[in-house]
Amino acid sequence: MIKPLLVRPKILTPVRFHYCPGCGHGVAHRLVAEVIDELGLREKTVGVASVGCSILIYNYLDLDIQEAAHGRAPAVATGIKRVLPDRFVFTYQGDGDLASIGLAEIVHAAGRGENFTVIFINNANYGMTGGQMAPTTLPGQKTTTSPKGRDVGQAGYPLKMAEILAVLDGPSYITRVAIHNPGAVIKAKKSIRKAFQCQKLGLGFSMVEILAACPTNWGMEPLTALQWLEKEMIKYYPLGVFKDTEMMAPSAAL
Amino acid sequence: MDQVMLKGNEAIGEAALRAGCRYYFGYPITPQSELMEYLARRLPEVGGTFLQAESELAAVNMVYGAAGAGGRAMTSSSGPGISLKQEGISFLASAELPCVIVNVMRGGPGLGTIQPSQGDYTQATRGGGHGDYRLPVLSPVSIQEMVDLVYNSFDMAEQYRTPVILLTDGVLGQMMEPVLLPEEITHEYMKPWITDGCQHRPRRLIKTLYLDSGELESHNLHLQAKFKRLSAKEVRFEGYHLEDAEVLIIAFGICARVGRTAVDHLREKGLRVGLFRPVTLWPFPSASLKEAAERVRHLVTVEMNAGQMLEDVRLALPGREIGFYGRMGGIVVSALEIEVEIMRIMGGNGG
């Protein structure tokens, strides 16, 4: 019998992405779709779309989805999960959304140990509004609102969200991955799968920070953008697992 | 039916519970904190969820999530907190999610005071947040009516798929009165739009983004049609001594309660004074007010603000001269002040 190596995930709708060439959202969407398919969670899942380029995630994932106001996805997810504790809830947020306007919401949802999963796309700028400086913009990185490069003396230092949230007691699993090459993409998928499993086991808040490219707003060709991600972004935002309580949990034996 | 002595804020909490509310998200602010304190104790007793949010923004967005997931949810606050909730309220209105939002008004603008006022009338009745929307706004005059209107609020919210505002103030929130509490009045509404995992059905979306202008206009027209339906069906008011009134006091909430005492005193003096009280501040009972005003010589609006409802009264009664008496800063209008004002209007010959 011939087994296909790769099939289109069932929950990925047959619609063309609106994302720019080289944008990380397409890959990240697909990974989320594959994991939900593989875990058989489609009919138990409620997604929360956040403001940013990825707000239209509901065009691409065949799931029940609520759209949240800018930054408020973790609060919306909290409301959903409190009503439907046996459903699978995830937010999909960008860095402007999660690390700037929604900082309070993400920190407190993590602190409360809300049992949902956050997919956090860090592309070091505001994509949807046209490439302005984000809390995650690297020192020296040029954006439309840091035209001479981010000056840390004036604009301060980037926020390292995975590290910040990992010091809290609420989260069960916090990791940072990247999707700049096939090997990294496979690792990213494993992390997403693990984060979803933490939720399934009821271990509490889980987040996968995904370093992704934004070639259009970075003013780079897609390949150059991936190289820049590998060379510059990972240097500032080291990949790795920052928190993992699954191993300590009694239910891990399941 | 239980008769109990309850503080206004607690009465709202107990009534919400008995109206089937099982999810409360809020943030402490005076003079409404007893409401959340009460539900923090009571909701777990009935298997509900109480969650103290990190901010008003988070609280109202938790309500958004809970309502979208099919839960009967509520939040409450006072002036400054309600302003913070406006972002979420605009989203709730656009996404057509039912919930109840309580505003126990304090004096503003800014932090103002923790004393009562009616300064949020305009904010409440004009939607309050960005975009074109309106919300039903109910204004009680007693703790008993607070309880009754809480039941109505949850029904209206689910029937019309809209947030409903219960607009009250620090006096009613803080005072105690005996109230009759019905055991439980819970109406179940079909919710074929909630997002709870698309088992055996196509997926559903709860959203407010319409990038296509035509689509957004259609959505706005749909909302406006709903507001029109609401305006036609849900108008409420109360009249007191309207039959032979020569002077009509128009007031809502605590001012109407004080106004009623003023009417009684003035009637004892032989003055023909009546009171018109909108129970729904939006939709405003314009037609009924017009009818009530036809036979009276003088009209005066009494409010604990600079004359916010006065604008709606003027819209209802074009061409009429309308007096205004108001206090601000957390000062409660007294019956005596109203009586002096009415006698002044009537030419000082009230004796």
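See the structure shown above.
Residues numbered from 1 in each chain as written. Chains lettered and ligands numbered in written order. Predicted model: local features only at pLDDT ≥ 70, side-chain atom pairs only at ≥ 80, totals over all residues. Heavy atoms only, no water.

## Some words on the layout of surface pockets
All names here are of chain B.
- Its volume calculated, the largest pocket comes out at about 410 Å³.
- Class assignment for the residues of the lining of the largest pocket results in 9 nonpolar, no polar and 7 charged.
- If you add up the space inside the second largest pocket, you get close to 340 Å³.
- Looking at the second largest pocket, it is lined by 18 residues, and the ones nearest its centre are Ser90, Ser94, His130, Thr208 and Leu216.
- The set of elements that each furnish at least two residues to the lining of the second largest pocket consists of α4 (79-95) and α8 (213-233).
- Examining the composition of the lining of the second largest pocket, we find that 4 residues originate from one element, α8, more than from any other.
- For the lining of the second largest pocket, the per-class residue count stands at 9 nonpolar, 7 polar and 2 charged. (1 Å grid on protein atoms, 1.4 Å probe; cavity = no way out; pocket = protein on both sides within 12 Å on 5 of 7 lines; lining within 4 Å. Points joined across faces, edges and corners; volume = space filled by probe spheres on them. Nonpolar A, V, L, I, M, F, W, Y, C, P; charged D, E, K, R; others polar. Helix = DSSP H or I, 4+ residues; strand = E, 2+ residues; numbered from the N terminus.)

## Observations regarding the side chain of Asn9 of chain B
- Tracing the sequence through the fold places Asn9 of chain B in helix α1 (residues 8-18).
- With residues near it in sequence (within four places) discarded, Asn9 of chain B still touches Pro31, Gln32, Glu34, Leu35, Val104, Leu172, Gly173 and Gln174 of chain B. (Contact = heavy atoms within 4.5 Å.)

## Comments concerning the packing of aromatic side chains
- Taken as a whole, this structure holds 12 aromatic pairs over all chains when the rule is applied.
- Between Phe116 of chain A and Phe205 of chain A the ring centres are 5.9 Å apart and the planes differ by 65°, which places this aromatic pair in the edge-to-face class. Within this pair, whereas Phe116 of chain A is found in the loop between α4 (103-112) and β4 (117-122), its partner Phe205 of chain A is found in the loop between α7 (182-200) and β6 (206-211), the two being separated by 89 residues in sequence. Summarising the burial analysis for this pair, Phe116 of chain A and Phe205 of chain A share the class buried.
- Ring geometry for Tyr121 of chain B against Phe252 of chain B: centres 5.3 Å apart, planes inclined by 45°, an arrangement best described as tilted. Taken together, the positions of Tyr121 of chain B in helix α5 (residues 121-125) and Phe252 of chain B in the loop between β11 (247-250) and α9 (253-268) put the pair 131 residues apart, joining distant regions of the chain.
- Residue class for Phe252 of chain B comes out buried when judged on its relative accessible area of 1%.
- Connected via pairs of aromatic rings, a cluster forms that spans Phe17, Tyr19 and Tyr60 of chain A. (Phe/Tyr/Trp six-rings, centres within 6.5 Å; stacked < 30°, edge-to-face > 60°. Buried < 20%, exposed > 50% of the residue type's maximum accessible area, 1.4 Å probe, protein only.)

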